[in-house]
Amino acid sequence: MSDTASHELQLLREQLQQLQRGSMAAHAFSDAWRARGALLSALPARYSEVLFSLLDRLEAGALFTEESCSFSQKDLTDNLRMWADKAEQQLMRESPP
């Protein structure tokens with residue numbers, strides 16, 4: 001795993017915790033993650049597609065003051081955590097021993 005991709009993945013995890021605590025807004029989180037290049041370019045294209053889909057739903061859900069059936073922030077943050085876990089596994093498989 002490249003140092004830059006590893007750093008961006010760690011940053012994602014930290015910002016995800018901030019989002020869950022309410023110390024980071026959903027739109028700020030989404031904007032920050034749409035701009036991440038090293039991590040996304042180190043992963044297969046399907047990872048970007050899934051991440052952007054999750055971010056779209058997170059932004060849409062942030063427009064509502066209460067949890068929406070379609071856009072539960074807890075479910076989305078759980079899915080983002082799972083995405084990060086799978087991305088880390090993928091990067092580890094692709095990095096030379």
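Residues numbered from 1 in each chain as written. Predicted model: local features only at pLDDT ≥ 70, side-chain atom pairs only at ≥ 80, totals over all residues. Heavy atoms only, no water.

All right, on to the overall build of the chain then. Check the secondary structure of the chain and you find five helices and zero strands. Starting at the N terminus and ending at the C terminus, the chain contains elements arranged as α-α-α-α-α. Here the chain, with 97 residues, has 36% of them falling under the buried criterion. (Helix = DSSP H or I, 4+ residues; strand = E, 2+ residues; numbered from the N terminus. Buried < 20%, exposed > 50% of the residue type's maximum accessible area, 1.4 Å probe, protein only.)

Here we take up the nonpolar core. One finds Phe-29, Trp-33, Leu-39, Leu-80 and Trp-83 to be the most contacted residues of the largest nonpolar core, which totals 25 residues. Taken together, the elements giving at least two residues each to this core come down to helix H1 (3-21), helix H2 (26-34), helix H3 (38-41), helix H4 (45-62) and helix H5 (73-94). Filtering out sequence-adjacent residues up to four positions away, Leu-80 remains in contact with Leu-16, Phe-29, Leu-51, Leu-54, Leu-55 and Leu-58. (Core = buried A, V, L, I, M, F, W, Y, C linked by side-chain atoms within 4.5 Å. Contact = heavy atoms within 4.5 Å.)

What follows concerns the environment of Glu-59. Positionally, Glu-59 belongs in helix H4. The buried category is assigned to Glu-59, whose relative accessible area is 17%. Remark: the alpha-carbon pair of Glu-59 and Ala-28, spanning 31 residues in sequence, is separated by 9.4 Å. The contacts of Glu-59, once residues within four sequence positions are left out, are His-27, Ser-30, Asp-31 and Arg-34. Reaching out from Glu-59, the side chain makes a polar contact with the side chain of Ser-30 at a distance of 2.5 Å. (Polar contact = N/O pair within 3.5 Å; in protein donor to acceptor, adjacent residues only side chain to side chain.)

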